[in-house]
Amino acid sequence: MIRYRLAFRRLPVLCVTFCAGVLVLMQARAPSALQSPPGQRSEVDLIIGDRIGAQPTFAVPDCLTIDGDESVAEAGRTIAEVLWDDLEFEREFRMMARDVYDTIPRARSLTDLPLDRWRELGVDGVVSCEVAAAGDGQLRVTARLFNTRSRESAFGVEYTGSARNVRAYAHQLSDEIHRRQRGLRGVARTKISFVSDRDSESVLGLVENRQTKEVYFADYDGANIRRVTVSRSLNTTPSWAPSARAIAYTSWRRGFQDVFVSHIYEGRLESPAGGSANIHNWLPAWSPDGRQLAFTSNRDGNPELYIMDADGTNVRRLTNHPSIDTTPTWSPQGHQIAFTSDRTGAPQIYVIGVDGTGLRRITFESYCDRPTWSPAPYNEIAYSSRTGPGHDIKVIDIPTSEVRQLTFGLGTNESPSYSPNGRHVAFMSTRGSGNKQIWIIGRDGRGLRRLTSVGNNEMPSWSP
Amino acid sequence: MSRRNFVRAVQAVLVCTVATVSCVRNPPPVAPEPPPPPPAAEERPGPAPRLEPEPPPPAPVVPPIEADVDIVSRDLEQLNRESPLRPVFFGYDSSDLDGPGRRVLEDNAAVLRDNPTWIITIEGHCDERGTAEYNLALGERRALAARQYLVELGLQGDRLRTVSYGKEFPFAAGQDEGAWAKNRRAHLVISDR
């Protein structure tokens, strides 16, 4: 079944009028509308697959290359491989394994490909792409998505940019396909920040045999790892700013734990919480609008939660209890904060309004920590819960209080962080080697994959 | 050069190269542990070993000269390595001082009174069983509890800094109560004097 959705960018009123009813009528006109020049969006989006939501099967053969050297051919292979992984990640499409593509003749051009052969293989949609050197270290990537049954192109795009990171083209194309085909906000261009001892050095200090941990970030698939902190000290608990241009974290670079903010693309470092030898601040968490940071501080003699404006002004205390209150996370609208408190004798998750009212306990287990509120449209909190010698990742649905478990007892599983569309959770696990590594699992508990492998890696924070 | 000599020369060069490379790849082990002392002769079974006559001790050439007076200059690292300050240990998920913990802090307070210029940092540490995030707060409370008692014992607060390392810097490796108990501590570091 083929379904069309009108997307007249210049005629939004028409779009609204037509969207509901004229799907079948448009079928005949679709191909002409799709023969727009590369680089312009086609005016009709063709949705490949059943209207009742069954997964269509997609294939991503290597991109064709034009007048390129070996590096362009390599880019063509890389883009296809990365795009395949990106599309597989969200599980909206059934991805035909790439090792069976050998049986299919290569496309003669971007628009001349053996669609019947793909159809015989059981493929519903084929991504046809072409890479060309555009001079001056630039690449031009052109892509079409073909329906193998109707033989029509669902849409076409053209990207031009630096040849420095060819994976970025695949990520952008993946997000485009998810948006147009499934109305889904993909995460292929997001980053994951984490803490690692991979470049471990001795901590500068008076006690021997202490190794540094520094903050890093990688693409959401683990590629392109970049280092954020170079401090010869301990750095933990990174938290991406909603702008995706800054990371807040806890650093011991001045000999005690304090909140720092690295503006990673500007090389600017701030310590807005104003720590000192006896005033410590840690575990920063950005408000959804990026204007405030919640954090833990000992400034009144005991670990309590505080909120400050991002520039360090307007500090106000959120909790007031002689036990520990720590590890804040904001609700998607920014009206509530979930946190960990041991006020009943063991750490449990609580929720409180940002004005300090409406405190309520939401977990009743042996030991819970590191709540992470999901993005909308889900309204749930992931956390780590002791289930034996170690911990597992669990999720509590806020409206119903129903708890579901995502991991089951291999090593310890801690520090969950949601992808910005809420469909995956990154976390630290010691499963397998016993080393701490970052893993990703679907919010339904399926699709486990490992992100890191060098050294120990923990405390992931998924960028917006 | 004849063909045979040439081949030999090449072989020689190759052997030398391989020897050099293998030397570079396999550096000698650094400071091997001394072998255990051999068992005493009378404990050995079987016939007694043949004893070589001992060589006579060499005669001293010149009488030893008395060295200059040693002035001990200990940096903070050395001072901390030999620190008279003792750590305080805590129960699981607890930051409460028990009797032995208070006595340790009373002894530490006496040391600090004898060294009135010392400034110390009280580090709070935790065992590995809790989560890394929660342990930052637990370690902070352990450091604060030790600091509070030292203040109650009359020490000036501005000499007593605190820091929490949570479970990031364990003192003992191992996944048993023996190791965990060593890692639940307030550790006192001399940070200035």
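Criteria and cut-off values
- Residues numbered from 1 in each chain as written.
- Chains lettered and ligands numbered in written order.
- Predicted model: local features only at pLDDT ≥ 70, side-chain atom pairs only at ≥ 80, totals over all residues.
- Heavy atoms only, no water.
- Helix = DSSP H or I, 4+ residues; strand = E, 2+ residues; numbered from the N terminus.
- Buried < 20%, exposed > 50% of the residue type's maximum accessible area, 1.4 Å probe, protein only.
- Contact = heavy atoms within 4.5 Å.
- Pairing = 2+ DSSP bridges.
- Core = buried A, V, L, I, M, F, W, Y, C linked by side-chain atoms within 4.5 Å.
- Salt bridge = Lys/Arg side-chain N within 4 Å of Asp/Glu carboxyl O.
- Disulfide = S-S within 2.5 Å.
- Buried area = accessible area lost by both parts, 1.4 Å probe.
- Nonpolar A, V, L, I, M, F, W, Y, C, P; charged D, E, K, R; others polar.

## So, the overall build of chain A
Moving on, step 1. Broken down by element type, chain A carries 6 helices and 32 strands.
Moving on, step 2. Burial analysis of chain A (464 residues in total) assigns 55% to the buried set.
Moving on, step 3. Long-range pairs, those at least 24 residues apart, make up 44% of the contacts in chain A between residues at least 6 apart in sequence.

## Quick word on the sheet that holds strand β19 (residues 316-317) of chain A
Moving on, step 1. With antiparallel pairing, 4 strands are arranged side by side in an open sheet as β16-β17-β18-β19 (chain A). In this open sheet, the two edge strands, each paired with only one partner strand, are β16 (281-286) and β19 of chain A.

## Points about the nonpolar core
All names here are of chain A.
Moving on, step 1. Judged by nonpolar contacts, the single largest core of 41 residues is most densely connected at L173 and I177.
Moving on, step 2. For this core, the secondary-structure elements that each account for two or more residues are β2 (44-48), β3 (57-59), α4 (70-90), α5 (115-120), β6 (125-135), β7 (138-147), β8 (153-162) and α6 (167-182).
Moving on, step 3. For this core, the leading source of residues is α4, giving 8 residues.
Moving on, step 4. Apart from residues no more than four positions distant in its own chain, I177 is found in contact with F58, L83, L87, F93, V127, F155 and R182.

## Re the sheet that holds strand β11 (residues 226-227) of chain A
Residues and elements named next belong to chain A.
Moving on, step 1. Strand order in the open sheet formed by 4 strands is β11-β10-β9-β32, with antiparallel pairing between adjacent strands. A strand with exactly one partner marks an edge of an open sheet, and here the two such strands are β11 and β32 (457-462).
Moving on, step 2. When strand β9 (residues 191-196) meets β32, the two strands line up antiparallel, connected through 4 bridges. Following the sheet pairing, V195 is matched in β32 by E458.

## Focus: the pattern of salt bridges
Residue and element names in this part refer to chain A.
Moving on, step 1. Per the counting criterion, the structure on display carries 43 salt bridges over all chains.
Moving on, step 2. Salt-bridge contacts for E120 lead to R117; the nearest nitrogen and oxygen are separated by 2.9 Å. Pair noted here: E120 and R117 are both in helix α5, with a separation of 3 residues, about one helical turn.
Moving on, step 3. Relative accessible area serves as the criterion here: at 60%, E120 is assigned to the exposed category.
Moving on, step 4. K394 is paired through a salt bridge with E365; the nearest N and O atoms lie 2.9 Å apart. Taken as a pair, K394 in strand β26 (residues 391-397) and E365 in the loop between β23 (360-361) and β24 (368-373) lie far apart in primary sequence, 29 residues in all.
Moving on, step 5. Its relative accessible area of 13% is what places K394 among the buried residues.
Moving on, step 6. One salt-bridge network, held together by shared partners, links E90, E92, R182 and R423.

## Here we look at the state of the cysteines
Moving on, step 1. In the structure shown here, the tally under the stated rule is 1 disulfide over all chains.
Moving on, step 2. Unpaired in terms of disulfides, A:C368 finds its nearest cysteine sulfur in B:C126, a separation of 18 Å.
Moving on, step 3. Relative accessible area serves as the criterion here: at 0%, A:C368 is assigned to the buried category.
Moving on, step 4. Taking the relative accessible area as the measure of exposure, B:C126 reaches 2% and is therefore buried.

## Some points on the interface of chain A and chain B
Moving on, step 1. At the junction of the two partners, chain A supplies 44 residues and chain B supplies 36 residues.
Moving on, step 2. Between chain A and chain B, roughly 3,000 Å² of surface is buried when both sides are summed, and carbon and sulfur atoms account for 55% of that area.
Moving on, step 3. Three residues stand out in chain A for area buried against chain B, namely A:L206, A:R210 and A:I324, and they jointly supply 22% of the buried area on that side.
Moving on, step 4. Along the contact surface separating chain A from chain B lie 3 salt bridges.
Moving on, step 5. In this structure, the salt-bridge partner of B:E123 is A:R210, at a minimum N-O distance of 2.7 Å.
Moving on, step 6. Listed by contribution, the elements that provide at least two residues to the side of chain A that touches chain B are β12 (235-240), β16, β20 (325-330), β24, β25 (380-386), β28 (413-418) and β32 of chain A.
Moving on, step 7. A class-by-class count of the residues in the side of chain A that touches chain B yields 16 nonpolar, 19 polar and 9 charged.

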